[in-house]
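The primary structure of each chain is shown beneath.
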Amino acid sequence: MVKLALAFMENTNRTEEYHQLQQTYKTAKLKLADTYNCRQKTEVCIKDYLQLSALHTKMHKALVDYYKQQGLYSQASIARSQALSHENAQEIIAVQVCCKGV
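Residues numbered from 1 in each chain as written. Predicted model: local features only at pLDDT ≥ 70, side-chain atom pairs only at ≥ 80, totals over all residues. Heavy atoms only, no water.

Would you explain the overall build of the chain in this entry?
Helices and strands together make up the secondary structure of the chain, namely one helix and zero strands. In summary, the chain has a C-alpha radius of gyration of 43 Å against a globular reference of 13 Å for 102 residues, an excess of more than 25%. With the C-alpha coordinates aligned to their principal axes, the bounding extent of the chain is approximately 150 × 15 × 5 Å. For the chain, the centre of its 13 positive side-chain charges and the centre of its 9 negative side-chain charges are spaced 2 Å apart. (Helix = DSSP H or I, 4+ residues; strand = E, 2+ residues; numbered from the N terminus. Rg over C-alpha atoms; globule rule 2.2 N^0.38 Å. Lys, Arg positive; Asp, Glu negative; His and termini not counted. Charge placed at Lys NZ, Arg CZ, Asp CG, Glu CD.)

Would you mind going over the state of the cysteines with me for this structure?
Chemically, a disulfide is nothing more than a covalent bond linking the sulfur atoms of two cysteines. Using the criterion set out here, one finds zero disulfides in the structure. Not part of a disulfide, C98 finds its nearest cysteine sulfur in C99, a span of 5.7 Å. Under the relative-accessibility criterion, C98 is labelled exposed at 53%. (Disulfide = S-S within 2.5 Å. Buried < 20%, exposed > 50% of the residue type's maximum accessible area, 1.4 Å probe, protein only.)

Looking at this model, I keep getting lost on a nonpolar patch on the surface. Mind explaining?
On the surface, V2, L6, F8 and M9 cluster together into a nonpolar patch covering about 460 Å² of accessible area. Counting through the fold element by element, M9 comes out in helix α1 (residues 2-100). (Patch = residues over 30% accessible without salt bridge, like charges linked within 9 Å, V, L, I, M, F, W, Y side chains within 5 Å. Areas by Shrake-Rupley, 256 points an atom, 1.4 Å probe, with all protein chains shown as cover. Salt bridge = Lys/Arg side-chain N within 4 Å of Asp/Glu carboxyl O.)

Looking at this structure, I do not really get the pattern of salt bridges. What am I missing?
Any two side chains of opposite charge can pair, on the condition that their charged atoms come close. Inspection of the entire model under this criterion finds two salt bridges. Close ionic contact of R14 with E10 constitutes a salt bridge, the shortest N to O distance being 2.9 Å. Of this pair, R14 and E10 are both found in helix α1, four residues apart, which corresponds to roughly one turn of the helix. Salt-bridge contacts for E43 lead to R39; the nearest nitrogen and oxygen are separated by 3.1 Å. On the criterion of helical spacing, the pair formed by E43 and R39 is a turn pair, its members being four residues apart in helix α1. A relative accessible area of 43% means that E43 is categorised as partly exposed. By relative accessible area, R39 is classed as exposed at 57%.

This is the structure:
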């Protein structure tokens, strides 16, 4: 009878130990899953950041080219305006000379 009681107590102790080990396993498993999810989110964030950075670089280069072209276009427009102004001034001088001669 004593052996049965001792076996029962030992069985109870092992059952408690088993449950504790199960809890430890579940806790470790949840921590690992959380760490994995966190790492995945971090990797996605890094990937998004790298893509955004690459797009930002491309956009910057495109804007630099755009403003260079815009500057050249403006310079050409100013040159055309100056040429027209010079032609108009020459015509005005020619008309004035012609009118004085009359």
